[in-house]
Amino acid sequence: MAATAVDADVIVIGAGPTGLMLAGELRLGGADVVVVERLTEPTGQSRGLGFTARAMEVFDARGLLPRFGQGETVETSPMGHFGGTVFDYTVLPDAHFGARGIPQSVTERVLEDWAGEMGADIRRGWEFVALDDDSLHGDSVRLTVRDPQGVQQDLRAHWLVGCDGGSSRVRAAAGFVFPGHDATRGMYLADVSGVELRPRPLGERTANGMVMSAPLSEGVDRIIVCPDGTPAHERERTVTFDEVARAWQHITGEDISGGTADWVSSFTDATRQASQYRRGRVFLAGDAAHIHLPAGGQGLSTGVQDAFNLGWKLAAVIRGDNGPDLLDSYHEERHAAGRRLLMNTRAQGTVYLGGAESAPLRELFGELIRHDDVKRHLAGMVSHVDIRYDTGEDDAHPLTGRRMPPRRFTSADGTVGVAQLLHPGHGVLLDLADDADVRREAREWQGRVSVATVTAPPADADGMLAGATAVLVRPDGYVAWAGSPADGDLKGLRAALERWLGPAGPSAADRRPAA
């Protein structure tokens, strides 16, 4: 039977950071992509103000990081907090509190430019309306959308991904279960001009609540206002600046009512996670899959990592290089990461935003965080550099399942970094011992894995790479396998190549799946 004609391999609903990152990744892997976005123009609102250390590595792996800063640099902060307890994140190698002072509007512009350059079809002013339930498990997905003229029409794709935020229509239409905890408190954020505010970049508690403030630009400050005892409110409720100013004065005693707000919004501590990230041919990513208190700016960064994990896998299946079983690993890996995210943000909310009843917890955290082991644990958790995907191998090298740290290696052509090797979106095989057998093994996956014969810095050869003379890195920067083929471990390498990059043989880049 002939395959159903489709408008695109993948339709992505939502052009926020998650949807745009996914669109670029899919195009990098050769998939046709349509992005459906309800808004005719980006909001221009700053909202998120940066991203985690791991999200920086993700952008660097696609050559995007320079677009965020001046030249080759992006400002980072070594100091961060966990539940309001401040500490230095550089206690963990390669970690920091992340990129600071980058408005979400800039992140969205960078990613939209990239996805557009890659050939993604981004349709602004188009709105998702409905999903044909009967098509979920067929060879394509049919959905109804409304175009900018208000005309409804049907679109078909082999796959649909909901990146449409915490109130996801895709999630509801596809019947995903979204369990969790209802909101217990309401909070505000705004960009305010015309007042002089003392910087409180990591927050400050008083007897009545917590506030944060940080300069965005000349004369403009971002404020976050978390009054104790404020009941939860509806997500879509309109908030006025007068309401925010009253809450600020209640907490700080400072009158900011004479200022003006470029925009105001509200949020809650509601915490929910989809029980599955995939139903048939429909996936969820970003806030559509998980909502939580925005502690430590982790939400945007987690959504980008969801997209980074799903994009290369979905593209490989569409090309025909891998079977559809590869897609099961998206839920397995990212649901576990999301569950841990929700745990840490709930913990931070309890410690930092609780009233007098949380004072003993704050005191206890103040004591615990004096220990370097605790600092390393919390820094790894909030920066997302400690994520380890379960490979099911009890005797795997310690690097297996972890992201490959951002190291620079020596090659015949000079020095090269892991991020640079990942730019094409292929797997990378680091040949650390100039081993002809390793290179010969990889030839059967030509076009899907790039081999780099390099020498590791002495400290790494004796440290994180100890016992490994070859390392297979997935397209998303996570280590699929590490070992020493010279000791007879070529079978392990081959098994990892087959598991993550598909059967040996010529790349199926020119083939299209029948379903």
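In the block above lies the structure referred to throughout.
Predicted model, so just to flag it, every value in this text is computed and none were measured. (Residues numbered from 1 in each chain as written. Predicted model: local features only at pLDDT ≥ 70, side-chain atom pairs only at ≥ 80, totals over all residues. Heavy atoms only, no water.)

Structural notes on the sheet that holds strand β20 (residues 290-291)
Where strands meet in a sheet, backbone hydrogen bonds hold them as pairs that are either parallel or antiparallel. Pairing is antiparallel in the open sheet, where three strands are placed in the order β11-β17-β20. Whereas interior strands pair on both sides, the edge strands pair on one side only; in this sheet they are β11 (180-181) and β20. By the bridge criterion, two bridges tie β11 to strand β17 (residues 271-273) in an arrangement that is antiparallel. Of the residues in β17, the one forming a bridge with His 181 is Thr 271. (Pairing = 2+ DSSP bridges. Helix = DSSP H or I, 4+ residues; strand = E, 2+ residues; numbered from the N terminus.)

Overview of the nonpolar core
For soluble globular proteins, the rule of thumb is that nonpolar side chains tend to be buried together. Counting residues in each nonpolar core, the largest one holds 107 residues, and the members touching the most others are Leu 314, Met 404, Leu 430 and Val 471. Look past the residues within four positions of Leu 430 in its chain and what remains in contact with it is Met 404, Phe 409, Leu 421, Ala 452, Val 454, Thr 469, Ala 470, Val 471 and Val 473. (Core = buried A, V, L, I, M, F, W, Y, C linked by side-chain atoms within 4.5 Å. Buried < 20%, exposed > 50% of the residue type's maximum accessible area, 1.4 Å probe, protein only. Contact = heavy atoms within 4.5 Å.)

Focus on the pattern of salt bridges
Applying the stated criterion across every chain, the model contains 32 salt bridges. Its salt-bridge partner being Arg 124, residue Glu 112 comes within 3.0 Å of it at the nearest N-O pair. Taken together, the residues Glu 112 in helix α3 (residues 104-118) and Arg 124 in strand β7 (residues 121-124) connect sequence positions 12 residues apart. Neither Glu 112 nor Arg 124 differs from the other in exposure class; each is buried. The salt bridge involving Glu 333 is made with Arg 474; its shortest N-O contact spans 2.8 Å. Of this pair, Glu 333 sits in helix α7 (residues 328-353) while Arg 474 sits in the loop between β25 (470-473) and β26 (479-483), placing them 141 residues apart in sequence. In this structure, Glu 333 and Arg 474 share a single accessibility class: buried. (Salt bridge = Lys/Arg side-chain N within 4 Å of Asp/Glu carboxyl O.)

Here we look at α3
Each full turn of the α-helix corresponds to 3.6 residues, which orients residues three or four apart in the same direction. Here α3 spans 21 Å end to end across 15 residues, near enough to the 21 Å set by a 1.5 Å rise per residue. Regarding α3, the residues found buried are Gln 104, Thr 107, Glu 108, Val 110, Leu 111, Glu 112, Trp 114 and Ala 115. Looking one or two residues past α3, Gly 119 carries a phi angle of roughly 105 degrees, positive in sign. (Expected span 1.5 Å × (residues − 1).)

Observations regarding the sheet that holds β25
As summarised here, the arrangement of the four strands in space is β24-β23-β25-β26, forming an open sheet in which the pairing is mixed. A single partner strand is all that each edge strand has here, and the edge strands are β24 (449-453) and β26. Here the strands of the sheet are splayed against their neighbours by 10 degrees on average, with no regard to which way each runs. With four bridges joining them, strand β23 (residues 427-431) and β25 adopt antiparallel strand pairing. The residue of β25 that forms the bridge with Val 428 is Val 473. (Axes fitted to C-alpha atoms, helices over the stretch in contact; angles between N-to-C directions.)

Some remarks on the packing of α7 against helix α8 (residues 359-368)
Where α7 meets α8, the axes come as close as 7 Å, and the angle between the chain directions of the two elements is 110 degrees. Judged by the angle between their axes, α7 and α8 are roughly perpendicular. Contacts between α7 and α8 involve Thr 350, Val 351 and Tyr 352 on the former and, on the latter, Leu 361, Arg 362 and Phe 365. Per-class residue counts for the contact of α7 with α8 are four nonpolar, one polar and one charged. (Parallel < 35°, antiparallel > 145°, perpendicular 65-115°, else oblique. Nonpolar A, V, L, I, M, F, W, Y, C, P; charged D, E, K, R; others polar.)

A short note on a negative patch on the surface
A cluster of like negative charges, contributed by Glu 332, Asp 390, Glu 393, Asp 394 and Asp 395, occupies part of the molecular surface. Accessibility expressed as a relative area gives 84% for Asp 394, which makes it exposed. (Patch = residues over 30% accessible without salt bridge, like charges linked within 9 Å, V, L, I, M, F, W, Y side chains within 5 Å. Areas by Shrake-Rupley, 256 points an atom, 1.4 Å probe, with all protein chains shown as cover. Lys, Arg positive; Asp, Glu negative; His and termini not counted. Charge placed at Lys NZ, Arg CZ, Asp CG, Glu CD.)

Here we look at the packing of aromatic side chains
The full count for this structure, using the stated rule, is 11 aromatic pairs. Ring centres of Tyr 89 and Phe 97 lie 5.0 Å apart, and the angle between their planes is 70 degrees; this geometry places the pair in the edge-to-face category. Comparing Tyr 89 with Phe 97, the two get one shared label, buried. By way of ring pairs, the aromatic residues Trp 159, Tyr 277, Phe 283 and Tyr 330 are connected into one cluster. Against the face of Trp 159 rests Arg 281, its NZ or CZ located 4.4 Å from the ring centre. (Phe/Tyr/Trp six-rings, centres within 6.5 Å; stacked < 30°, edge-to-face > 60°. Lys NZ or Arg CZ within 6 Å of the ring centre and 35° of its normal.)

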